[in-house]
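A structural walkthrough
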Amino acid sequence: MTSTVEAPPQREVLSRRVAALVGLASGLLAFGAAELVAALTGPSSEPLVAVGDAFVDLTPPGLKDFATSTFGTSDKLVLLGGAAVVLAALSAFAGVVAARGRFRGPWVVLALGTIAAIAALSRPDATIVSVLPSAAATIVGTFVLSALVDRLETASRPGLGPDRRTLLRTVGIVGGSGAVALAAGRLLGSGTRDAEASRATVRLPAPADREPPLPLGVEVGVAGVTRFRVAAGDFYRIDTALVVPRARAEDWQLRIHGLVDREVRLDFATLLAGRLVERDVTLTCVSNEVGGDLIGNATWLGLPIGPLLRQAGPRPEADMVLSTSADGFTASTPLAALTDGRDALLAVGMNGAPLPLEHGFPVRMVVPGLYGFVSATKWVVDLEVTRFDRAVAYWTPRGWSERAPIKTESRIDVPRDGARLAAGRVPVAGIAWAQHRGVERVEVRVDGGPWQGARLGAEASIDTWRQWVLPWDAAPGRHTLAVRATDGTGTPQTGVETPPAPDGATGWHTITVDIS
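Remember, it's a predicted structure, so these values are computed and weren't measured experimentally.

1. Quick look at the overall build of the chain
Of the regular secondary structure elements, the chain holds 11 helices and 19 strands. With respect to the principal axes defined by its C-alpha atoms, the chain has extents near 85 × 70 × 40 Å. When burial is assessed residue by residue, the chain has 51% of its 516 residues classed as buried. For the chain, the proportion of contacts with a sequence separation of at least 24, taken over those separated by at least 6, is 75%. Of the roughly 23,000 Å² of accessible surface on the chain, 59% is carried by carbon and sulfur atoms. If the 50 positive side-chain charges of the chain are averaged to one point and the 51 negative ones to another, these points end up 5 Å apart.

2. Remarks on the packing of aromatic side chains
Taken as a whole and assessed by the stated rule, the structure comprises eight aromatic pairs. Ring centres of Phe235 and Tyr236 lie 5.3 Å apart, and the angle between their planes is 20°; this geometry places the pair in the stacked category. Note on Phe235: relative accessible area 7%, which makes it buried. Owing to a relative accessible area of 11%, Tyr236 belongs among the buried residues under this scheme. Site record: aromatic cluster; members linked through ring pairs are Phe329, Phe373, Tyr394, Trp395 and Trp400. Positioned over the ring face of Phe388 is Arg403, at 3.8 Å from the centre of the ring.

3. A short note on the packing of helix α2 (residues 47-57) against helix α4 (residues 75-100)
In contact at an axis separation of 10 Å, α2 and α4 are set at 120° when each is read in the N-to-C sense. The orientation of α2 with respect to α4, classified from their angle, is oblique. With respect to the hand of their crossing, α2 and α4 are arranged in right-handed fashion. Taking contact as the criterion, the partners of Leu48, Gly52, Phe55 and Val56 in α2 are, on α4, Leu79, Leu80, Ala83, Ala84 and Leu87.

4. Concerning the pairing of strand β14 (residues 439-446)
Alignment of β14 against strand β18 (residues 477-487), held across seven bridges, turns out to be antiparallel. Note on β18: the bridge partner recorded for Glu443 is Arg484. Counting the residues in the hairpin turn of β14 and strand β15 (residues 452-453) gives five residues, including Asp447, whose phi is positive at 55°.

5. Some thoughts on the sheet that holds strand β6 (residues 330-334)
Ordered by their spatial adjacency, five strands build an open sheet running β2-β1-β10-β5-β6, and the pairing between neighbours is mixed. Among the strands making up the open sheet, the edge pair consists of β2 (264-267) and β6. Neighbour-to-neighbour, the strand axes of this sheet turn through a mean angle of 15°, independent of strand direction. In the sheet, strand β5 (residues 320-325) pairs with β6 via five bridges, with the strands oriented antiparallel. Looking at the pairing, Thr324 lines up with Thr330 of β6. This element, helix α10 (residues 305-312), spans β1 (253-258), β2, β5 and β10 (380-386) of the sheet and lies at about 140° to β2.

6. Points about the nonpolar core
Counting residues in each nonpolar core, the largest one holds 81 residues, and the members touching the most others are Ile256, Leu271, Trp300 and Leu346. Residues Ile412, Val442, Trp468 and Leu481 belong to the second largest nonpolar core, which totals 22 residues.

7. Thoughts on a nonpolar patch on the surface
A contiguous nonpolar patch, built from Phe55, Leu63, Phe66, Phe71 and Val78 and spanning about 440 Å² of accessible area, is present on the exposed surface. Considering each element in turn, the nonpolar patch owes the most residues, three residues, to helix α3 (residues 61-71). Inspection of the secondary structure puts Phe71 in helix α3.

8. Notes on α2
α2 sits mainly inside the fold: eight of its 11 residues count as buried. Within the span of α2, buried status applies to Pro47, Val49, Ala50, Gly52, Asp53, Ala54, Val56 and Asp57.

Conventions used here
Residue positions are counted from 1 within each chain, in the order its sequence is given. Residues qualify for local features only when their pLDDT is at least 70, as the model is predicted, and side-chain atom pairs are given and counted only at 80 or more; totals for whole chains, interfaces and linings, by contrast, use all residues. Just so you know, side-chain values use all the structure's heavy atoms and leave hydrogens and water out. Segments assigned H or I by DSSP are reported as helices when at least four residues long, segments assigned E as strands when at least two residues long, and all are numbered from the N terminus. Accessibility here uses a 1.4 Å probe with only protein chains present; expressed as a share of the type maximum, an area under 20% marks a residue as buried, one over 50% as exposed, and anything in between as partly exposed. When checking whether two residues touch, look at their non-hydrogen atoms; a contact exists if any pair is within 4.5 Å. Exposure was quantified through the Shrake-Rupley algorithm and a 1.4 Å probe, taking into account, for residues, occlusion by the shown protein chains and nothing else. Asp and Glu count as negative and Lys and Arg as positive, but His and the ends of the chain are not part of the count. For charged residues, the charge sits on one atom: NZ in Lys, CZ in Arg, CG in Asp, CD in Glu. Working definition: rings of Phe, Tyr and Trp (its six-membered ring) pair if their centres are within 6.5 Å, and the pair is stacked with planes under 30 degrees apart, edge-to-face with planes over 60 apart, and tilted otherwise. Look at NZ for Lys and CZ for Arg. If either is within 6 Å of the ring centre and within 35 degrees of the ring normal, a charge sits over the ring. Angular values range over 0 to 180 degrees, each being the angle between N-to-C directions of two axes fitted as lines to C-alpha atoms, with helices fitted over their stretch in contact. Orientation is classified from the angle alone, with under 35 degrees giving roughly parallel, over 145 giving roughly antiparallel, 65 to 115 giving roughly perpendicular, and any other angle giving oblique. Whether a crossing is left-handed or right-handed is set by the direction in which the near helix is turned from the far one by less than a right angle, anticlockwise for left-handed and clockwise for right-handed. Strands pair, by our definition, only if DSSP identifies at least two bridges between them. Think of a nonpolar core as a cluster: buried Ala, Val, Leu, Ile, Met, Phe, Trp, Tyr and Cys residues, connected wherever their side-chain atoms sit within 4.5 Å. A residue counts toward a patch only above 30% relative accessible area and without a salt bridge, and it is joined to like-charged neighbours within 9 Å or, for Val, Leu, Ile, Met, Phe, Trp and Tyr, to nonpolar neighbours within 5 Å. We define a salt bridge as a contact between a side-chain nitrogen of Lys or Arg and a carboxyl oxygen of Asp or Glu at a distance within 4 Å.

Here it is in structure tokens:
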């Protein structure tokens, strides 16, 4: 005799589905309530953002590399989207659990609310009111879930309460109300409008020291090669901020303190009244893979940091400046790199306009020759002169180096990897960089053969990338192309392949093309 397992009755399956919808609707209204409260307490206290920020803080280097290499500058959107999906699943789970026992579901809601509250309190700008959005979500979620589960139970008993259609209508109203609350909270709490309005009023003064005109031939004239100057809208963005800080220029202040003879404070008006300089500087993210695009060159307008530090008077034992962002991010920059005469700036302008919000408005740091995670602090508000053995920056305990000079690298932009091309003369072209050392030579190798010297575009400065091109007589077949650069000290780019962590990737960018 064989036994069979009977499928659950259709009524029970429907009840589970309805219970999941009840949980989803309750969760949506709960987070709508949280969004409304966060309009008053600040965006970093939003449960979704707070938990996401805490997740970023706990992310090991390997996972960060994976996220950056896989999703690029969309990593934050992917993280928030993934968190929203998890939240929806947990809300549905709470509904199913509550349907099995009306007091079970609220415990799930309470657990989620507690996690969100703890995450909110862990933020650098947290105050006691930072827990209010999570508390509001917990209270609303618990009450609404319990009420809807009661209706679900009575609806399952004919003649004792509303029918299933009425219940589903109620669930729809609750979910719709949650969506409206979410939208309203976003609208009411959008300090971005204030920051944009502040940015619109900024009038950048003419620099006291203007960037010289670009030399002729700075671009090699090959279509598909990245332009020498990258537009702000196309410039890469990698940072830890899930929500862009909403700072106004009129509220901005910088404090320089620590191991100094005198504390220095600076506001935005005073900064603009200073002796501003304009410089082309190429910035590079340490997460950039070999051949990656997390690099960009722009014209920056700013106040040199060196004279400000000299005004403060660093003490002899100081060797590091810990910069802090408005959102609590910190970076460790060697004091020497800010005082050795290079164009380290408190930047206020990018390509002739005030900094975009996502690139650090109102003020960010730009330091040639160092990866961004140890130098290019956005929304900077504090510079503490200290020592490497006394202060630790954000990424250091997460497995990244405390010092990170940019490594010599190069990239093939044209042709693209996997391209199919006709035989004949083919331009192989791209960019190379070794900020604050300059690029002396670029070479290309075909199918492991001898290195061939490429023609370099004119050098704007040692702090910018250089374009290059090699005319190649391509024969039919599949070919492998590799590129390497030599910096201004005569040191060639290494071919040893290493990952971005802990202090930048190395290796020769290599592509394969098919010629017919």
